[in-house]
Amino acid sequence: MNILIATFTFPPNQDGVAEAAASVAKAFLAQGWQVEIATQPPSIPRDSNDWNGARIFEFQISGTPYFRHPFQGEVSKYQDFLKNGRWDVVLFQGYSWPLYLAADIFTEIFAKKILVSHGYSALVWTPVRQFPFGLAVLAFSAIQSLLMLCWARQIDRWVFLSRQKDFGAFYD
């Protein structure tokens, strides 16, 4: 089986999503499966693009789906990489650029698509003191969440890492 793990962070970064992605990669490699990782360069440069037998492909991408800070960098290179890949499964780790940039081209990605949710907090209002008090960001997030309904059906499987729900912060 050939698997791509698409994640915005991966070791040597030390954060929850990087650790979860690494754990999944190790488990797949232990099964004898071919694993590739699509991610951004870490804060501390890697010694190699080989990680325990998995090949790492780095994409210099920054930004958000928010129109004031749009995605920039190697966006086309990443999307071409996804279109031309020969994986059986693409596993997206969380709601970040690897997923959002892929959503536009889901119909051109022939692998099964799995989303591992690390919590969806876009609909939580964070008030700020300056007008419009964070409401513009909340409105934009609500629109993005509605747009998600257009591509969410193209995800073959959703994985939630916890049975607990925290509707005050995350909407999984």
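*Asks:* What should I look at first to understand the pairing of strand E7 (residues 89-93) in this one?
*Replies:* Across a regular strand the side chains alternate sides, sitting on one face of the sheet and then on the other. For E7, a buried count of five out of five residues is recorded, marking the element as mostly surrounded by other parts of the structure. Judged by which residues are buried, E7 turns out to be covered on both faces: Val89, Leu91 and Gln93 on one side and Val90 and Phe92 on the other are all buried. Direction of pairing for strand E1 (residues 2-7) relative to E7: parallel, over a ladder of five bridges. Residue pairing across strands places Thr7 opposite Gln93, the latter belonging to E7. Chirality of the crossover, the property in question, places the unit of E7, helix H3 (residues 97-103) and strand E8 (residues 112-117) among those that are right-handed.

*Asks:* How do you make sense of helix H2 (residues 75-84) when you look at a structure like this?
*Replies:* Residues spaced three or four apart along an α-helix point in a common direction, a consequence of the helix completing one turn every 3.6 residues. Turning to H2, its buried residues are Val75, Tyr78, Gln79, Phe81 and Leu82. Buried residues along H2 cover an arc of 155 degrees about the axis, so they all sit on one side. For H2, the exposed residues set more than 90 degrees away from the buried face come down to Ser76 and Asn84.

*Asks:* I would appreciate a short explanation of the packing of aromatic side chains in the present structure.
*Replies:* The geometry of two aromatic rings is summed up by the distance between their centres and the angle between their planes. Tallying each qualifying case throughout the model produces eleven aromatic pairs. Here Phe92 and Phe106 contribute two aromatic rings whose centre-to-centre distance is 6.0 Å and whose plane-to-plane angle is 55 degrees, an arrangement assigned as tilted. Of this pair, Phe92 sits in strand E7 while Phe106 sits in the loop between H3 and E8, and the two are 14 residues apart along the sequence. Each member of the pair, Phe92 as well as Phe106, is classed as buried. Aromatic rings pair up to connect Phe57, Phe59, Tyr78, Phe81, Trp87 and Trp97 into one cluster.

*Asks:* Which parts of the structure should I look at to understand unusual backbone geometry?
*Replies:* Residues apart from glycine generally show negative phi values, whereas peptide bonds are mostly found in trans. Note the cis peptide between Pro11 and Pro12, where omega equals 25 degrees. Examined against the element boundaries, Pro12 turns out to sit in the loop between E1 and helix H1 (16-30). Phe131 connects to Pro132 through a cis peptide bond whose omega is 10 degrees. The phi dihedral of Asn52 is positive, around 55 degrees, even though this residue is not glycine. Inspection of the secondary structure puts Asn52 in the loop between strand E3 (50-51) and strand E4 (54-58). Here Asn52 falls in the exposed class, since its relative accessible area comes to 54%.

Reading the values: rules and limits
- Within any chain, residue numbers begin from 1 and follow the written order of that chain's sequence.
- Given that the model is predicted, a residue must reach a pLDDT of at least 70 before its local features are reported, and side-chain atom pairs must reach 80 or more before they are shown or counted; all residues, however, enter totals for whole chains, interfaces and linings.
- By convention in this description, side-chain values take in all heavy atoms of the structure and omit both hydrogens and water.
- Accessibility here uses a 1.4 Å probe with only protein chains present; expressed as a share of the type maximum, an area under 20% marks a residue as buried, one over 50% as exposed, and anything in between as partly exposed.
- Comment: elements are numbered from the N terminus, with helices defined as DSSP H or I runs of at least four residues and strands as E runs of at least two.
- Paired strands are those between which DSSP finds at least two bridges.
- Here is how to tell: hold the view so the strands point away, follow the path from the first strand over the helix to the second, and if it runs clockwise the crossover is right-handed.
- Relevant arc is that of directions from the helix axis to the C-beta atoms, nothing else.
- Only centres within 6.5 Å qualify two rings of Phe, Tyr or Trp (six-membered ring in Trp) as a pair; their planes then separate them into stacked at under 30 degrees, edge-to-face at over 60, and tilted for everything else.

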